[in-house]
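Chain by chain, the residues:
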Amino acid sequence: MEEYALQAVERLTTRPAEPYETITVTPITPLLGAEVSGLDLAEELTPRQEKELKHAFHTHHVLVFRDQDITPEEHKRFAGVFGALHPVALAPEGSDPDILEIKATAESRAVAGNGWHSDGTADAEPSLGSMLYLTTVPQDGGGDTLFANMHLAYELLSPAMRAFLDTLTALHDGARPWTTAGLTPPPEYDVPRTEHPVVVRHPETGRRLLFVNAPYTSHITQLSRPESDALLDMLHAHIARTPMLHLRVRWQPRTLVFWDNRSVQHHAIWDYFPHTRHGRRVAVQGTRLEG
Ligand code: SIN
């Protein structure tokens, strides 16, 4: 590994003593993800628990809570600890606008999130994060979710590439998931389109991260189309093909996973057809992202 990459890994994994008194936080890899125990998410958090949980979230970016029995209202209350709820785009009529049902069955011919992405980055204020709670997992296993660390994705690029990316912005186009499939968005969808810096600073920690998103990023605005396509292809391949960036979460029934939608991308693996995987997701509103 290059010296700058070794230094980045050391920097991202060297932490001051962790301040946990009310929860237990067990890292899954040194670079991404932690299992959190000692909390019942059906109960309101104490101020101390909330503080410790936010610290764990900003340190590990993906938090996994096992054996939780929570109602939709308790799920929403827990999400509300981190900010206002981010409503579901194009929520089905009659459904709770804050809850996205995640469901794959023998009838499914596509599933949500089966590719590397972050959620809703065409929004001017992309979501802070999502909490996915699964009640049914595939009977023979599978259905894991992958996560990729976007701070490390940035830091593993050469200093010259990072300096170049720091100067660029890219358009995130909410119509793209439809247009790349040869479709048009539904007429009632007020399609969001936002230009974000290619490298943004995390709003809470100030740490830089790579902010391109294959399904939504149409082009880098300062470059010609062939240049932009080549650069985006390289960055998307870097995210998908660098195992050191990755975390694989194995679900059990009644697991809740909370991920930071800026610090990580995610990928739901659909390797369990025709079995059923079912749960619900609540997202938290984020803020505008600055370079
Ligand atoms: C998603 O939020 O993209 C779905 C994640 C999953 O089903 O694991």
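Note: the structure precedes this text.
One structure accompanies this document, and this report is about it. (Residues numbered from 1 in each chain as written. Predicted model: local features only at pLDDT ≥ 70, side-chain atom pairs only at ≥ 80, totals over all residues. Heavy atoms only, no water.)

Topic: the site of the ligand
The environment of the ligand is made up of I102, G113, H117, L132, T145, W259, H266, A268, R277 and R281. Measuring from an oxygen atom of the ligand, one finds a side-chain N or O atom of H266 at 3.1 Å. The side chain of R281 places a nitrogen or oxygen atom 2.6 Å from an oxygen atom of the ligand. Protein burial of the ligand: of its 260 Å² of free accessible surface, 98% is covered by the chains. (Near = heavy atom within 4 Å. Polar contact = N/O pair within 3.5 Å; in protein donor to acceptor, adjacent residues only side chain to side chain. Areas by Shrake-Rupley, 256 points an atom, 1.4 Å probe, with all protein chains shown as cover.)

Re the sheet that holds strand β15 (residues 264-268)
Read from one edge of the open sheet, 3 strands run β13-β7-β15, paired in antiparallel fashion. Each edge of the open sheet carries a strand with a single partner, namely β13 (246-249) and β15. Sheet twist, expressed as the average angle between the axes of neighbouring strands with direction ignored, equals 20°. (Pairing = 2+ DSSP bridges. Helix = DSSP H or I, 4+ residues; strand = E, 2+ residues; numbered from the N terminus. Axes fitted to C-alpha atoms, helices over the stretch in contact; angles between N-to-C directions.)

Digging into the pairing of strand β2 (residues 34-37)
Along β2, the buried face is formed by A34 and V36; none of E35 and S37, which line the opposite face, is buried. With 4 bridges joining them, strand β1 (residues 24-27) and β2 adopt antiparallel strand pairing. Bridging from a neighbouring strand, T24 pairs with S37 of β2. The loop that links β1 with its antiparallel partner β2 comprises 6 residues; one of these, G33, has a positive phi angle of about 90°. In this sheet, strand β3 (residues 62-65) lies alongside β2 in parallel orientation, the contact comprising 3 bridges. Bridge pairing in β3 places V36 opposite F65. On the question of chirality, the crossover connecting β2 to the parallel β3 by way of helix α2 (residues 47-60) is right-handed. (Buried < 20%, exposed > 50% of the residue type's maximum accessible area, 1.4 Å probe, protein only. Right-handed = clockwise from strand over helix to strand, strands pointing away.)

Some remarks on the packing of aromatic side chains
Taken as a whole, this structure holds 8 aromatic pairs when the rule is applied. Geometrically, the ring pair formed by F57 and F82 is tilted, given 5.8 Å between the ring centres and 55° between the ring planes. Of this pair, F57 sits in helix α2 while F82 sits in the loop between α3 (72-80) and β4 (85-86); the two residues are 25 residues apart in sequence, bridging distant segments of the chain. Both residues of the pair, F57 and F82, count as buried. Note on W178 and Y189: the rings are 5.3 Å apart at their centroids and 50° apart in plane angle, and the pair reads as tilted. With W178 in helix α6 (residues 176-179) and Y189 in the loop between α6 and β9 (193-197), this residue pair connects regions lying 11 residues apart in the sequence. Owing to a relative accessible area of 18%, Y189 belongs among the buried residues under this scheme. (Phe/Tyr/Trp six-rings, centres within 6.5 Å; stacked < 30°, edge-to-face > 60°.)

A few points about the layout of surface pockets
Where empty space is left in the structure can be found by rolling a water-sized probe over the atoms. Here the largest pocket is characterised by a volume of approximately 1,500 Å³. Lining the largest pocket are 49 residues, and of these A89, L100, A112, Y216 and R281 lie nearest its centre. Contributing elements (two or more residues each) for the lining of the largest pocket: β5 (100-104), β6 (129-136), α6, β15 and β16 (277-284). One number sums up the size of the second largest pocket: a volume of about 170 Å³. Lining the second largest pocket are 14 residues, and of these L12, R15, H58, T59 and R207 sit closest to its centre. Among the elements of the structure, α1 (3-13) and α2 are those that each provide at least two residues to the lining of the second largest pocket. When residues in the lining of the second largest pocket are grouped by element, the largest group, 3 residues, is from α2. (1 Å grid on protein atoms, 1.4 Å probe; cavity = no way out; pocket = protein on both sides within 12 Å on 5 of 7 lines; lining within 4 Å. Points joined across faces, edges and corners; volume = space filled by probe spheres on them.)

Considerations on α2
Helix length check: α2, at 14 residues, gives a terminal C-alpha distance of 20 Å against a target of 20 Å (1.5 Å per residue), a fit within 8%. For α2, the complete set of buried residues consists of Q49, E52, L53, A56, F57, T59 and H60. For α2, the buried positions fall inside an angular range of 165° around the axis, keeping them on one side. Among the exposed residues of α2, those pointing more than 90 degrees away from its buried face are P47 and K51. Considering only its buried residues, α2 is in contact with β1, β2, β3, α3 and β14 (255-260). Once α2 finishes, H61 follows within two positions and takes phi at roughly 70°, a positive value. (Expected span 1.5 Å × (residues − 1). Arc of directions from axis to C-beta. Contact = heavy atoms within 4.5 Å.)

Points about the pattern of salt bridges
Charged atoms that come close allow side chains of opposite charge to pair. Applying the stated rule across the entire model yields 15 salt bridges. In this structure, the salt-bridge partner of R11 is E155, at a minimum N-O distance of 2.8 Å. Within this pair, whereas R11 is found in helix α1, its partner E155 is found in helix α4 (residues 150-155), the two being separated by 144 residues in sequence. Where D173 meets R193, a salt bridge forms, and the shortest distance between an N and an O atom there is 3.0 Å. Of this pair, D173 sits in strand β8 (residues 169-173) while R193 sits in strand β9; the two residues are 20 residues apart in sequence, bridging distant segments of the chain. On the basis of relative accessible area, D173 is assigned to the buried category, the value being 13%. Residue R193 is classed as partly exposed on the basis of its relative accessible area, which comes to 49%. Several salt bridges converge on common partners, so that one network encompasses R11, E155 and R162. (Salt bridge = Lys/Arg side-chain N within 4 Å of Asp/Glu carboxyl O.)

From the geometry alone we can't say anything about function, so treat these as descriptive.
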